[in-house]
Amino acid sequence: MRHLCNKRTGLEKMQMEEKKETLALYRDRNVQVLLNKFLNDELETLEPIYDPKTGYHYPVVEGIVGEVSKTEPFLSKLHAAGILERKLYDKIIFCPNCRSSDFSTRYCCPFCRSFNIQKSSLIEHVKCGYMDIEDNFLEGNKYVCPKCHETLTKIDVDHKKAGIWCICEDCGKSFDIPVPTHFCRSCHTTSTFEEILIKNVYAYTLTENVKADSFLNWFLVAGIQEFLTKGGLKAESPALLKGKSGANHSFDIVAYRDGDKQKVIVVDLATSTEAIVSEQPVIALFAKIFDVAPEKAYLIAIPKLSENGKKMAELYKIHAIEAKNQEEAIASLQESIDAD
Ligand SMILES: [Zn+2]
Ligand SMILES: [Zn+2]
Ligand SMILES: [Zn+2]
């Protein structure tokens, strides 16, 4: 069996490091709580909720991390690790003076900056070509051309809307494009586009990767490792053990009582999307324990192990555990450990 496992390249070591970092995230209780919400379909997309006083919030995450200020770093960390995917949901603007996002949008005169402007539609009489603001066409509830005095009845036939026209009530000038400014309802200062602060607001979903087996494995492994640690064992994940041959073998979890490295428990996890795990992981685990000779070896098959796999596990003295999810896996593992 030695030839199976005596080459460990630098690349593999790097992958182990990455795996360790991601696992550390999965071991974080808060991460587990949030991921469980996604995996249990309690949450499909994490969308921010708007509060006019304080801006956007993620109440679900605030409930998990406890503090509002910890929410964004928490979500950014999960996004950076490739666990959460994000989509631009909105852009929020902040007052440069007081950081409030409670604004009125004001459309101002480009000449005197007053927001006291009158917005009107421009009307054009098709036949004579005369153009003026709507008010000057109105006679009672009818449109009458102020130039040729013809009554206009059909929009887009005898008259058409030719755009927007604004008149400043303060300086009297007219213009077609006003300048937008932001009036902070909180500190009453007015900011221009140049002055305001803009921040992206995201909606988050679980990446497809996490839903796939390998990532889910890590999540399960993290939970099981935590369970073993609580049981008073020293549990490492993933971990390398040196075999009699001198080769290192990697296991999903290696656990032992502190100071007693002779009585080692090794655990591997195998998941299948096709409802049944083949005998392959049993063979792979056997190849490793043949060299390492741990006290006990567990293979956790999710959700089920093939009949052939079960027979081989029995033959190789591997404890095979079938479980549908993390809770079942931990319960069966507990039972199996208690039985000895
Ligand atoms: Zn303000
Ligand atoms: Zn003006
Ligand atoms: Zn006319």
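Description of the structure in this document. (Residues numbered from 1 in each chain as written. Chains lettered and ligands numbered in written order. Predicted model: local features only at pLDDT ≥ 70, side-chain atom pairs only at ≥ 80, totals over all residues. Heavy atoms only, no water.)

## Some words on the environment of V65
Along the chain, V65 turns up in helix α3 (residues 59–65). The exposure class of V65 is buried, given its relative accessible area of 12%. Setting aside chain neighbours within four positions, we find V65 in contact with N30, K70, T71 and F74. (Helix = DSSP H or I, 4+ residues; strand = E, 2+ residues; numbered from the N terminus. Buried < 20%, exposed > 50% of the residue type's maximum accessible area, 1.4 Å probe, protein only. Contact = heavy atoms within 4.5 Å.)

## Considerations on the side chain of S104
Structurally, S104 can be placed in strand β4 (residues 103–108). S104 has contacts with T181, H182, F183 and R185, leaving out every residue within four places of it along the chain.

## Topic: the environment of L315
Within the fold, L315 resides in helix α9 (residues 307–315). Note on L315: relative accessible area 64%, which makes it exposed.

## Side note on the nonpolar core
With 48 residues, the main nonpolar core has L34, I224 and L228 as its most contacted residues. If you tally residues by element for this core, the top one is helix α7 (residues 213–230), at 8 residues. Excluding residues that lie within four positions of it along the chain, I224 makes contacts with I253, L269, I300, A329, I330 and L333. Listed in part, the 21 residues of the second largest apolar core include A239, A270, F286 and A313. (Core = buried A, V, L, I, M, F, W, Y, C linked by side-chain atoms within 4.5 Å.)

## Some thoughts on the coordination of the zinc ion (ligand 3)
The protein atoms donating to the zinc ion (ligand 3) are H125 (ND1), C128 (SG), C145 (SG) and C148 (SG), with metal-donor distances spanning 2.1 to 2.3 Å. Around the zinc ion (ligand 3) sit 4 donor atoms; with metal-centred angles ranging over 99 to 125°, the donor geometry is tetrahedral. Taken in sequence order, the residues that donate to the zinc ion (ligand 3) follow the motif H-x2-C-x16-C-x2-C. Exposure remark for H125: the relative accessible area of 1% places this residue in the buried category. For C128, a relative accessible area of 26% puts it in the partly exposed group. (Donors = N, O, S within 2.8 Å, 3.2 Å for Na, K, Ca; no water. Tetrahedral: all angles 85-135°; square planar, octahedral: opposite > 155°, others 65-115°.)

## Things to note about the packing of aromatic side chains
For the structure on display, the rule yields 8 aromatic pairs. Relative to Y204, the ring of Y58 has its centre 5.9 Å away and its plane inclined at 65°; by these criteria the two rings are edge-to-face. Of this pair, Y58 sits in the loop between β2 (55–57) and α3 while Y204 sits in strand β14 (residues 197–206); the two residues are 146 residues apart in sequence, bridging distant segments of the chain. Pairwise contacts between aromatic rings join Y50, Y56 and Y89 into one cluster. (Phe/Tyr/Trp six-rings, centres within 6.5 Å; stacked < 30°, edge-to-face > 60°.)

## Focus: the coordination of the zinc ion (ligand 1)
Taken together, C95 (SG), C98 (SG), C184 (SG) and C187 (SG) make up the full set of protein donors to the zinc ion (ligand 1), lying 2.3 Å away. Of note is the zinc ion (ligand 1), whose 4 donor atoms meet at the metal with angles of 103 to 114° in an arrangement that counts as tetrahedral. When the donors of the zinc ion (ligand 1) are listed by position in the chain, the intervening gaps give C-x2-C-x85-C-x2-C. On the criterion of sequence distance, the pair formed by C95 in the loop between β3 (84–94) and β4 and C184 in strand β12 (residues 179–184) is long-range, its members being 89 residues apart. Residue C95 is classed as buried on the basis of its relative accessible area, which comes to 0%. Judged by relative accessible area, C184 falls into the buried class, the value being 0%.

Everything listed here is a matter of geometry and, on its own, says nothing about what the molecule does.
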